[in-house]
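Take a look at the letters that make up each chain.
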Amino acid sequence: MNTKFIMVELTFSEIELAGDVKSFISFNSNSCDDENLKEMALASDDDELFKVTKKIASPLKIINIEKITDEMLENAL
Amino acid sequence: MVVYVSYSHRILIDYSFIKWISENVEKKGTIISRMLRINQNSKEHKKENIVIWEKDFNKLCEENIIKDKDTIRGSVFPLEIGEDLLKNIIDGENIDDSLIRLILGVIMTKEKPFQSVLLTTKEEKKKYQRYKPFLEKIQNFSIKDEEESLIILNDLYRSYSCERDLCRR
């Protein structure tokens, strides 16, 4: 019998202020492997809102940062 | 620089109010965005200035009224009150969801800013009025229906935008 194991990476997302994300990235140098994401976050205004996705198994690891858009808000409900 | 604001009220939102926004408000995005702002920039209750009973939140998700859990969780924080424990303390099975929300709202008055408001609909407000004798004793807790609720949310948002403008000067 062949058994296949599928790895599923469980994630969660939270809304954060850019200022908080910038501090988080600055204090945890390995928190984000994607240099483009890091650059985008660090160049943002502190008051901007982001949807930040992290791994449940390692919540210090940021895997995605999205800017909150009007469309995102309009479709949330 | 991030601006943090001490708001005049903490807000509890119920199932019916979120349903009303989803069905009746033309610019839902604007309200959701303002609620996000109020929550994220709250000095005393960061991310939790506007809350919803977790049972209401889960029901809204199950019924697909809430389509993006993560974004709405940022706008209204789901709070667990321990329904079973409450039913054990207060006369068992007769406790209904309206009373649990009222208790949650009253608990919220015990912390800064010591004022809380329950945002609901006209129809649901009638159900809360059954507990009028209880509510009359609580001076710093009130219940607002649709239009009044939007005024409260806009007022809190205005507090944020005034503070932000002051900081930018």
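Keep in mind that what you see is a predicted model, and the values were worked out from it rather than measured. (Residues numbered from 1 in each chain as written. Chains lettered and ligands numbered in written order. Predicted model: local features only at pLDDT ≥ 70, side-chain atom pairs only at ≥ 80, totals over all residues. Heavy atoms only, no water.)

## Some details on the overall build of chain B
- On a plain count of helices and strands, chain B comes out with nine helices and five strands.
- Reading chain B from its N end, one meets helices and strands in the order β-α-α-β-α-α-β-α-α-β-α-α-β-α.
- Against the compact-globule benchmark of 15 Å for 169 residues, chain B has a radius of gyration of 16 Å, which places it among compact chains.
- Projecting the C-alpha coordinates of chain B onto the three principal axes gives extents of approximately 55 × 35 × 25 Å.
- Going through the 169 residues of chain B one by one, you find that 53% of them count as buried.
- Residue pairs at least 24 apart in sequence account for 78% of intrachain contacts in chain B once pairs closer than 6 positions are excluded.
- Summing over all exposed atoms, chain B offers an accessible surface of approximately 8,600 Å²; the carbon and sulfur share of this is 48%.
- Separation between the mean location of the 30 positive side-chain charges and that of the 29 negative ones in chain B comes to 6 Å. (Helix = DSSP H or I, 4+ residues; strand = E, 2+ residues; numbered from the N terminus. Rg over C-alpha atoms; globule rule 2.2 N^0.38 Å. Buried < 20%, exposed > 50% of the residue type's maximum accessible area, 1.4 Å probe, protein only. Contact = heavy atoms within 4.5 Å. Areas by Shrake-Rupley, 256 points an atom, 1.4 Å probe, with all protein chains shown as cover. Lys, Arg positive; Asp, Glu negative; His and termini not counted. Charge placed at Lys NZ, Arg CZ, Asp CG, Glu CD.)

## A look at the environment of Val 3 of chain B
Residues and elements named next belong to chain B.
- Along the polypeptide, Val 3 turns up in the segment before strand 1 (10-13).
- Take Val 3: its relative accessible area is 4%, and that puts it in the buried class.
- Residues Val 3 and Asp 155, 152 residues apart in the sequence, show an inter-C-alpha distance of 17 Å.

## Notes on the interface of chain B and chain A
- Taken together, the 31 residues of chain B in the interface contact 20 residues of chain A.
- Interface area for chain B against chain A, summed over the two sides, is near 2,000 Å², with a carbon-plus-sulfur share of 54%.
- In this assembly, chain B and chain A are joined by five salt bridges.
- Across the pair Lys 47 of chain B and Glu 14 of chain A runs a salt bridge, and its minimum N-O distance is 3.9 Å.
- Counting every contact that joins chain B to chain A gives 13 residue pairs in polar contact (both at pLDDT 80 or more).
- Examining the composition of the side of chain B that touches chain A, we find that seven residues originate from one element, helix 2 (residues 28-40) of chain B, more than from any other.
- Residues belonging to the side of chain B that touches chain A are distributed by class as follows: twelve nonpolar, seven polar and twelve charged. (Buried area = accessible area lost by both parts, 1.4 Å probe. Salt bridge = Lys/Arg side-chain N within 4 Å of Asp/Glu carboxyl O. Polar contact = N/O pair within 3.5 Å; in protein donor to acceptor, adjacent residues only side chain to side chain. Nonpolar A, V, L, I, M, F, W, Y, C, P; charged D, E, K, R; others polar.)

## Some thoughts on helix 2 of chain B
Residues and elements named next belong to chain B.
- The end-to-end C-alpha distance of helix 2, which contains 13 residues, comes to 18 Å, matching closely the 18 Å that a straight helix rising 1.5 Å per residue would cover.
- Along helix 2, ten of the 13 residues are buried, which leaves the element largely enclosed by surrounding structure.
- Buried within helix 2 we find Lys 28, Gly 29, Ile 31, Ile 32, Met 35, Leu 36, Arg 37, Ile 38, Asn 39 and Gln 40. (Expected span 1.5 Å × (residues − 1).)

## Observations regarding the confidence of the model for chain B
- When pLDDT is averaged along chain B, the result is 92, and 98% of the positions lie at 70 or above.
- Predicted complex metrics record ipTM = 0.83 and pTM = 0.90. (pLDDT = per-residue confidence, 0-100.)

## Notes on the sheet that holds strand 3 (residues 62-67) of chain A
Residues and elements named next belong to chain A.
- Reading across the sheet, the three strands line up as 1-2-3 and stay open at both edges, with antiparallel pairing between neighbours. Of all strands in the sheet, those with a lone pairing partner are strand 1 (11-17) and strand 3, marking the two edges. Going across the sheet, the axis of each strand differs from the next one's by a mean of 25 degrees, ignoring polarity.
- In the sheet, strand 1 pairs with strand 2 (residues 49-55) via seven bridges, with the strands oriented antiparallel. (Pairing = 2+ DSSP bridges. Axes fitted to C-alpha atoms, helices over the stretch in contact; angles between N-to-C directions.)

## Focus: the pattern of salt bridges
- What the rule picks out here adds up to 22 salt bridges over all chains.
- Residues Asp 33 of chain A and Lys 61 of chain A are paired through a salt bridge, measuring 3.2 Å at the closest nitrogen-oxygen approach. In this pair, Asp 33 of chain A sits in the loop between helix 1 (18-27) and helix 2 (35-42) while Lys 61 of chain A sits in the loop between strand 2 and strand 3, placing the two residues 28 residues apart along the sequence.
- Lys 61 of chain A gets classed as partly exposed once you look at its relative accessible area, which sits at 21%.
- Here Asp 96 of chain B and Arg 130 of chain B are joined by a salt bridge, their closest N and O atoms 2.7 Å apart. Highlighted residues: Asp 96 of chain B in the loop between helix 5 (83-89) and helix 6 (97-108) and Arg 130 of chain B in the loop between helix 7 (122-128) and helix 8 (132-136), separated in sequence by 34 residues.
- Among the ionic contacts, a cluster of salt bridges with common partners joins Asp 56, Arg 101, Glu 124 and Lys 127 of chain B.

## A short note on the packing of aromatic side chains
- One pass over the full model with this rule turns up two aromatic pairs over all chains.
- Between Tyr 157 of chain B and Tyr 160 of chain B, the aromatic rings sit 5.7 Å apart at their centres with planes inclined by 45 degrees, giving tilted as the arrangement. Here Tyr 157 of chain B and its partner Tyr 160 of chain B are both found in helix 9 (residues 146-168), three residues apart, which amounts to about one turn of the helix. Assigned by exposure class, Tyr 157 of chain B and Tyr 160 of chain B land together as buried.
- Just above the ring of Phe 24 of chain A sits the side chain of Lys 54 of chain A; from NZ or CZ to the centre is 4.5 Å.
- Lying over the aromatic face of Tyr 15 of chain B, Lys 59 of chain B brings its terminal NZ or CZ to 4.3 Å of the ring centre. (Phe/Tyr/Trp six-rings, centres within 6.5 Å; stacked < 30°, edge-to-face > 60°. Lys NZ or Arg CZ within 6 Å of the ring centre and 35° of its normal.)

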